[in-house]
Amino acid sequence: MAEEEIDGRPAEYGLSVKELRELMELRGREGYERIQTKYGGVLEMCKKLYTSPNEGLSGNPVDLEHRRKTFGSNVIPPKPPKSFLRLVWEALQDVTLIILIVAAIVSLGLSFYKPPADAKGAAGHVDESESQAGWIEGLAILVAVIVVVLVTAFNDWRKEKQFRGLQNKIEHEHKFATIRGGEVLQIPVGELVAGDICQVKYGDLLPADGILIQSNDLKVDESSLTGESDHVKKGDVTDPMLLSGTHVMEGSGKMLVVAVGVNSQTGIIFALLGASQEDSEKKKKKKKKGEADVEAGGVQPNPGGQTVPLLSSEDNAKVVDSDFANVQYKGTGNSHNTTKDNPGGDANQVVEDGKIELEEKKEGAKKEKLGRKEKSVLQAKLTRLAIQIGYGGTAIAVLTVLILIIRYCIQEFVVDKKNWEVGGTATHIAFFVKYFIIGVTVLVVAVPEGLPLAVTLALAYSVRKMMYDNNLVRHLDACETMGNATAICSDKTGTLTTNRMTVVQSYIGGIHYKNTPTFSALPPGSGPLLIKAIAINSGYTSRVLPSEDGGFGKQVGNKTECALLGFVQDMGQDYESVRIETPEEKLYKVYTFNSVRKSMSTVIPKEGGGFRLFTKGASEIVLSKCDYIIGTDGQPHTFSTAAQEEIVANIIEPMAADGLRTICIAYKTFVKEEKGNENDVVYSEEPDWENEDEIVKGLTCLCVVGIEDPVRPEVPSAIKRCQRSGICVRMVTGDNVNTARSIASKCGILKPNDDFLVLEGKEFNRKIRDPTTGEVSQELLDQVWPNLRVLARSSPQDKYTLVKGIIDSKLHSNREVVAVTGDGTNDGPALKKADVGFAMGISGTDVAKEASDIILTDDNFTSIVKAVMWGRNVYDSIAKFLQFQLTVNVVAVIVAFLGACVIEDSPLKAIQMLWVNLIMDTLASLALATELPSEELLQRKPYGRTKPLISRTMMKNILGHSVYQMAVIFTLLFAGAEIFDIDDGRGVKALHSPPTEHFTMIFNTFVMMTLFNEINARKIHGQRNVFAGLQRNPIFIGIWIGTMVGQVIIIHLGGLAFSTKGLSIAQWLWCFFFGVGALLWGQVITTIPTHKLPKRIFTFFSQPPPDMAVDEIEGADELHPLESDTMGRRGQILWVRGLTRLQQQIRVVNAFQMDLDSHLDSYDKRSRPSVISLQSLQSQSRGVSKKPTLASSPEAEEGSGLDPSTHRIHHKQDLQPTPEELNEQAKL
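Position numbers for residues count from 1 along each chain, tracking the sequence in the order it is written. Side-chain atom pairs in this predicted model are given and counted only at pLDDT of 80 or more, local residue features only at pLDDT of at least 70, and totals for whole chains, interfaces and linings cover all residues. Side-chain calculation: all heavy atoms of the structure are included, whereas hydrogens and water are not.

Visitor: For the overall build of the protein, give the residues involved together with the corresponding values.
Guide: Strands here mean DSSP runs of E at least two residues long; helices mean DSSP runs of H or I at least four residues long; both are numbered from the N terminus. In terms of helices and strands, the protein carries 39 helices and 33 strands. The cut-offs for exposure are 20% and 50% of the maximum accessible area for each residue type, with area from a 1.4 Å probe on protein chains only; residues under the lower value are buried, those over the upper are exposed, and the others partly exposed. Out of the 1228 residues belonging to the protein, those deemed buried represent 61%. By definition in these notes, contact holds between two residues if any of their heavy atoms fall within 4.5 Å. A separation threshold of at least 6 residues defines the contact pool for the protein, and within that pool the share at least 24 residues apart is 77%.

Okay, structure coming up:
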């Protein structure tokens, strides 16, 4: 083997997979020493892996394939999908379905029981033909249940398949800067191999384990693996170990990839988790069967003969206690926590040291709270509505059963004075079972179990369509929440502007150039210095590539730096030659941009000794650190405070007023001997480079440039549409206040006669903080945010504080729903806190994407407006279905209940109600959930957080149509036999009585009215033309016609199974007439002015609690009773949930959401198939969507357009309920 060659080198490597895995388990100095002592340094490791630190791998396919075979590929195999039978089994877990199955089986069994002859006489209600037909009803109910289970399972299976396909589709979109053949290429992360040389920069999510070759001020957030909240400073001689799944928060560097896929640290954890879950499942099965009695946390042999620790058990969650394994994000502190020592609240985010908790039975409820900051607006309203209906439905169902049984007993044993004979027991029980089935059916009808399916369908349909509108939805609930948005806090750069930056003005050597100056026109000696200052003091990943069509060059990397590099090219100079002379390895010290510095500085050694520092950043900040300025003669001159103020007033402010971003470029020279120039700094001992404040001061100003970033042409009209639809757009930027004001005016955010506020971050903090304590005061904030339109020079803390303040404000009765855009590493907290967080798909960092709900794949503000349309469409689709469903339910329940009271039977048989409920409502949810959005949606105000889900108009429609339908049905019930001259069905009281035309007409009329009311339900805002836009929804038309055909078949062929008897043409026409009457009655209802209706009656079931608290009903979706240690106060909710089909359907929604989170997580790490976030793994294990705990920060490019870094804060996720929440629980 050793003699074989691959791509001209030996086939055997100097390092094995095992050695590399063991090496990556070391940390800090220990890792560095192992690399030096055992392997001879990282460069020697490169030789052992046959790679070049500068040229990288050759890229030869044979070489790459051999490396994959030897070291593995950078892919973690996905969890196998659930089988169809497994999905069927899960669908069968629904309590009401189980009750129906048991009742149907009992009914079926009793139908085959033949009582003795004398018992028949005693019971008096059974004849031979009836007993022969008795089995049909039980069988029909079983068939209906099977159909529902199969449809549910098929829907689940299709959704899972759909999202696996989506994952494959976007898998290759996450690429990583990799050096191959001496060129920097963007390689899909799944194609990375051991031996690759990768460039890392701020905001990256590392796709593999690696060792640093070279770094600049590199800091990494390893909290996802180690639980360490502080950023870890990395360096090739301090801590060179880079781990997959960690975030680069600051700086840049170059690493050698040594472990990929399942051999990386993240991959190892996934393998452990998978093994432990399998072991845990096997163990549970054995426990159930009593075949094994293994102590929790013991050791089980695996098939390979090795021992695998059981990491979890049902009663006692065990852990992997290793220094690299921390998956669970624990609770944290307040997100804008301020201290005396740190008044700005710039404190470190707390992520509690933890361990991998693989099974969380006892603490499931609490930990679920960490996942999302709140239930979405619609979730909160639906949950409350479902609980109310659950209580009402249960009460009516129980009452119906009791009334039927009591009436039967009174009639049999009191009025008819019969005795309970042994032979008649089966008959009596058969009646009781029949009544029980009616009661269960009433419960099934009472609860709108089609509602969660409608939610699922509406969201699924919208999410799929939104992809074509450049919205990649990561969290399903964000889709509908966006429809309720009342405020959008938007970045400027790239979202409102094109992010195509160019230098259009400059101030060099005392001259203000309105166009690009020629290089020869620059002051003597300052030209080469300026070129060096720009070329060297920029990320080397920022480049301007020649355009293929001869137009503008293609900007790669940081756009502000690209604008400066383009400025160098426009002056006829070449920045690449400067970089070749001074490669990254020669950079002595780099102070990367972050939100505190608002600047970037680089130190390089000078020829002949000494050092030179180059700085660039926000103009007023860098200018304030300058003591000298280059004059027209090319020589440094003293730069007084008065001169600085003059430049600010005459140069910087006019540039900013034109909407230009101003950047100042400066330098400083350190010499060891005598001063050559007035501005040189002499040192005897090497300066303390860690003392940044001393190093970056006393600078010499080279120039100030004005960079133009034009407003996107489509943005002003998009903002106008937002404002017209009741959404307030605010700009939150790190730019100069004058620049921000100018751009905001061009966008239409600021209007000439409006009462608005434009504030800088400092002024904003002064206005909102209590002067005595320095804490943010909600009362003071409420005086600022309503009129605030632009927040300039803002820090990440400011952005977070503003978002939190608007969300928490109770200034308006309809609480605000806030959307936020972000692209920088440190935008995480604001994106997380917002009701909907939008990350930029092009310019956004992996960290921002991970914290977001929706990714804008084109970085364009107009896509947010489309998201609003889709969100409102989802909300309206749910409301339409709710209006339709509740009308059906109210009528069916009241008819069944009153029928039980008056005629001892339900006019609508159990199987008929199942048809109406389980089949037609499912189809209706599909029909009403697939309406396309229209511009009409943007012509109304948003609903807000507390507006009732069922509006007064909807309640008017529900009650109005219910009155009409019940009037028709009760008229037919009590007078129909005489009117149509048919046999009266009320007199038949036999157990398995044959169907009658009378009750068939009632059933058919009810279905016809329901079908035509489905057309009425398409409009929920009182519109008269209910057919408007119908042609745009072929699904609705198809389902409506299909349901009508199905009804005809059921009436004429249903027979005993559906308790129907064929109707004549005349009877059909009457049924059809009553159905069309629902459309005409709808016009009458629309005529009634809504505002004149009594509020109390017409908002029944619709008012959510004043504060739909974060976790008021948290966990009710998924929680098993064993999973909560707060079971006491949630018992009622869980009980109601257990009795309704909502339990199953919500599991469907959660599974769907889980699929979306887990599969689309790959996009928010730019579809990295190799290292899926550990947070999403937990989401899978608990079925909740989670956002990771991140550091906070400002807009990446907004401050001075440079790479941002970290700026940590606490993030609050309270585990304990507030007194208000407890009060609400008590009310429920």
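Having put the structure on the table, let's press on.
Visitor: Account for the sheet that holds strand β15 (residues 487–490), with residues named and values stated.
Guide: Read from one edge of the open sheet, 8 strands run β14-β33-β32-β31-β15-β28-β30-β29, paired in mixed fashion. The open sheet terminates on both sides in strands that have one partner only, identified here as β14 (471–473) and β29 (757–760). The average angle at which neighbouring strand axes cross in this sheet is 20 degrees, direction not considered. When β15 meets strand β31 (residues 818–822), the two strands line up parallel, connected through 3 bridges. Paired with I488 across the bridge in β31 is A819. In the packing of helix α15 (residues 476–483) onto the sheet, contacts are made with β14, β15, β31, β32 (836–840) and β33 (854–856), and the angle to β32 comes to roughly 110 degrees. Together, β15, β28 (728–732), β30 (788–792) and β31 form the strand contacts of helix α26 (residues 796–808), whose direction differs from that of β31 by roughly 165 degrees. Whether two strands pair comes down to DSSP finding at least two bridges between them. Lines are fitted to the C-alpha atoms to define the axes, a helix being fitted only along its stretch in contact, and any angle between axes, read from their N-to-C directions, falls within 0 to 180 degrees.

Visitor: Give me the pairing of strand β22 (residues 611–618): which residues, what numbers.
Guide: Taking burial as the measure, the 8 residues of β22 include 8 buried ones, the bulk of the element. In this structure, strand β21 (residues 599–605) lies alongside β22, joined through 7 bridges in antiparallel fashion. Following the sheet pairing, I604 is matched in β22 by R612. With antiparallel pairing between neighbouring strands as the criterion, β21 and β22 make up a hairpin whose turn holds 5 residues, including G608 at a positive phi of roughly 85 degrees.

Visitor: Residues and numbers for the pairing of strand β9 (residues 247–259), please.
Guide: Here β9 lies mainly inside the structure; 13 of its 13 residues are buried. As defined by bridge partners, strand β5 (residues 197–201) adjoins β9 across 5 bridges and the pair is classed as antiparallel. Each residue of the ladder has a partner; that of C198, found in β9, is M255. As defined by bridge partners, strand β6 (residues 209–221) adjoins β9 across 10 bridges and the pair is classed as antiparallel. Along β9, the bridge assignment pairs V220 with V248.

Visitor: I'd like to hear about the pattern of salt bridges, residue by residue, with values.
Guide: We define a salt bridge as a side-chain nitrogen of Lys or Arg found within 4 Å of a carboxyl oxygen belonging to Asp or Glu. The full count for this structure, using the stated rule, is 28 salt bridges. In this structure, D217 engages R597 in a salt bridge whose closest nitrogen and oxygen atoms are separated by 3.6 Å. One end of the pair, D217, is in strand β6; the other, R597, is in the loop between β20 (589–591) and β21, with 380 residues separating them in the sequence. For R597, a relative accessible area of 14% gives the class buried. Among the ionic pairs, R661 bridges to D735, the shortest N-O distance being 3.1 Å. Taken together, the residues span a long stretch of sequence, with R661 in strand β25 (residues 661–671) and D735 in the loop between β28 and α23 (737–747) at a distance of 74 residues. The class of D735 is buried, set by a relative accessible area of 2%. The network of salt bridges with shared partners includes D217, K219, E250, R597 and E692.

Visitor: Please set out the side chain of N216 residue by residue, giving values where relevant.
Guide: Note that N216 resides in strand β6. Leaving out residues up to four positions away in the same chain, N216 has contacts with G251, S252, E584, L587, V590 and T592.

Visitor: Give me the lowdown on helix α24 (residues 761–768), citing residues and values where you can.
Guide: Since one α-helical turn is 3.6 residues long, residues separated by three or four positions face the same way. Considered for burial, the residues of α24 that qualify are G761, F764, N765 and I768. Down the axis of α24, the smallest arc covering the buried residues is 95 degrees, so these residues share one side. Turned more than 90 degrees away from the buried face of α24, the exposed residues are K762 and R766. Against β29, α25 (778–784), β30 and α26 lie the buried residues of α24. What the arc measures is the spread of directions leading from the helix axis to the C-beta atoms.

Visitor: Mind laying out the environment of I511, listing which residues take part and the relevant values?
Guide: Mapped onto the elements of the fold, I511 is located in strand β17 (residues 511–513). Given a relative accessible area of 38%, I511 falls into the partly exposed group. Sequence-distant contacts of I511, that is, excluding residues within four places in its chain, are made with S506 and T632.

Visitor: Could you give an account of a nonpolar patch on the surface, naming the residues involved and the relevant values?
Guide: Judged by side-chain polarity, V398, L402, I406, I410, V414 and V415 come together as a nonpolar surface patch covering roughly 520 Å² of accessible area. Tracing the backbone shows L402 in helix α12 (residues 377–415). Note on patches: the residues involved have over 30% relative accessible area and no salt bridge, like charges join within 9 Å, and the nonpolar side chains Val, Leu, Ile, Met, Phe, Trp and Tyr join within 5 Å. In these tables, accessible area is a Shrake-Rupley quantity obtained with a 1.4 Å probe, and a residue counts as shielded only by the protein chains included in the view.

Visitor: Just give me the short version of unusual backbone geometry, but keep the residues and values in it.
Guide: The phi dihedral of D217 is positive, around 50 degrees, even though this residue is not glycine. Given a relative accessible area of 11%, D217 falls into the buried group. For N470, which is not a glycine, the phi torsion comes out positive at approximately 65 degrees. Along the chain, N470 falls in the loop between α14 (450–468) and β14. Judged by relative accessible area, N470 falls into the partly exposed class, the value being 24%.

Visitor: Quick rundown of the nonpolar core? Include the residues and the values.
Guide: By size, the foremost hydrophobic cluster in this structure holds 64 residues, and its most contacted members are M482, F838 and F861. Those residues in contact with F861, other than ones at most four positions away along the chain, are I488, S490, T495, L496, V715, A718, I719, C722 and V729. In terms of nonpolar packing, the next biggest core, distinct from the first, is built from 63 residues, V895, V916, L1030 and W1040 among them. Buried Ala, Val, Leu, Ile, Met, Phe, Trp, Tyr and Cys residues form a nonpolar core when they are joined through side-chain atoms within 4.5 Å.

Visitor: A description of the environment of V715 should follow, citing residues and the corresponding values.
Guide: You can see V715 is positioned in helix α22 (residues 715–724). Assessed through its relative accessible area of 0%, V715 is described here as buried. Taking the C-alpha atoms as reference, V715 lies 6.2 Å from L496; in sequence the two are 219 residues apart. When residues no more than four places from it in sequence are discounted, the contact partners of V715 are T495, L496, C747, N860 and F861.

Visitor: Which residues make up the confidence of the model for the protein, and what values go with them?
Guide: Summing up the model confidence of the protein, the mean pLDDT is 75 and the portion of residues at 70 or higher is 73%. Note on residues 288–374: pLDDT is under 50 here. Beyond four places in sequence and across chains, it has 237 contacts. Scored from 0 to 100, pLDDT records how confident the predictor is in each individual residue. Segment residues 1100–1228: pLDDT under 50, and 476 contacts once partners within four positions in sequence are set aside and those in other chains are kept.

Visitor: Could you give an account of helix α31 (residues 952–980), with specific residues and numbers?
Guide: The angle between axes fitted to the seven residues ending at a residue and the seven residues starting there is what we call the bend at that residue. Approximately 65 degrees is the largest bend angle found in α31, and it occurs at F974. Most of α31 sits inside the fold, with 21 of its 29 residues counted as buried. Where α31 ends, the next residue or the one after it, D981, has phi of about 55 degrees, a positive value.

Visitor: Please give an account of the state of the cysteines that cites residues and values.
Guide: Two cysteine sulfur atoms form a disulfide, by the criterion used here, when they sit within 2.5 Å. Tallied over the entire structure, the rule returns 0 disulfides. Free of any disulfide, C701 has its nearest neighbouring cysteine sulfur in C664, separated by 3.8 Å. Looking at C728, it has no disulfide partner, and the nearest cysteine sulfur is the one in C489, 8.1 Å off.

Visitor: For the packing of aromatic side chains, give the residues involved together with the corresponding values.
Guide: Stacked, edge-to-face and tilted labels apply to pairs of Phe, Tyr and Trp rings (six-membered ring for Trp) whose centres lie within 6.5 Å, assigned for plane angles under 30 degrees, over 60, and everything in between, in that order. Within the structure shown, the criterion is met by 19 aromatic pairs. Aromatic side chains Y588 and W689 sit 5.9 Å apart centroid to centroid with 70 degrees between the ring planes, which places their arrangement in the edge-to-face category. Of this pair, Y588 sits in the loop between α18 (575–581) and β20 while W689 sits in the loop between β26 (681–682) and α21 (692–695); the two residues are 101 residues apart in sequence, bridging distant segments of the chain. What makes Y588 partly exposed here is its relative accessible area of 40%. Judged by relative accessible area, which is 8%, W689 ranks as buried. Site record: aromatic cluster; members linked through ring pairs are Y588, F611, F670, Y683 and W689. Sitting over the ring of F1036, R1018 keeps its end group 5.8 Å from the ring centre. Only when the NZ of Lys or the CZ of Arg is both within 6 Å of the ring centre and within 35 degrees of the ring normal is a charge said to sit over the ring.

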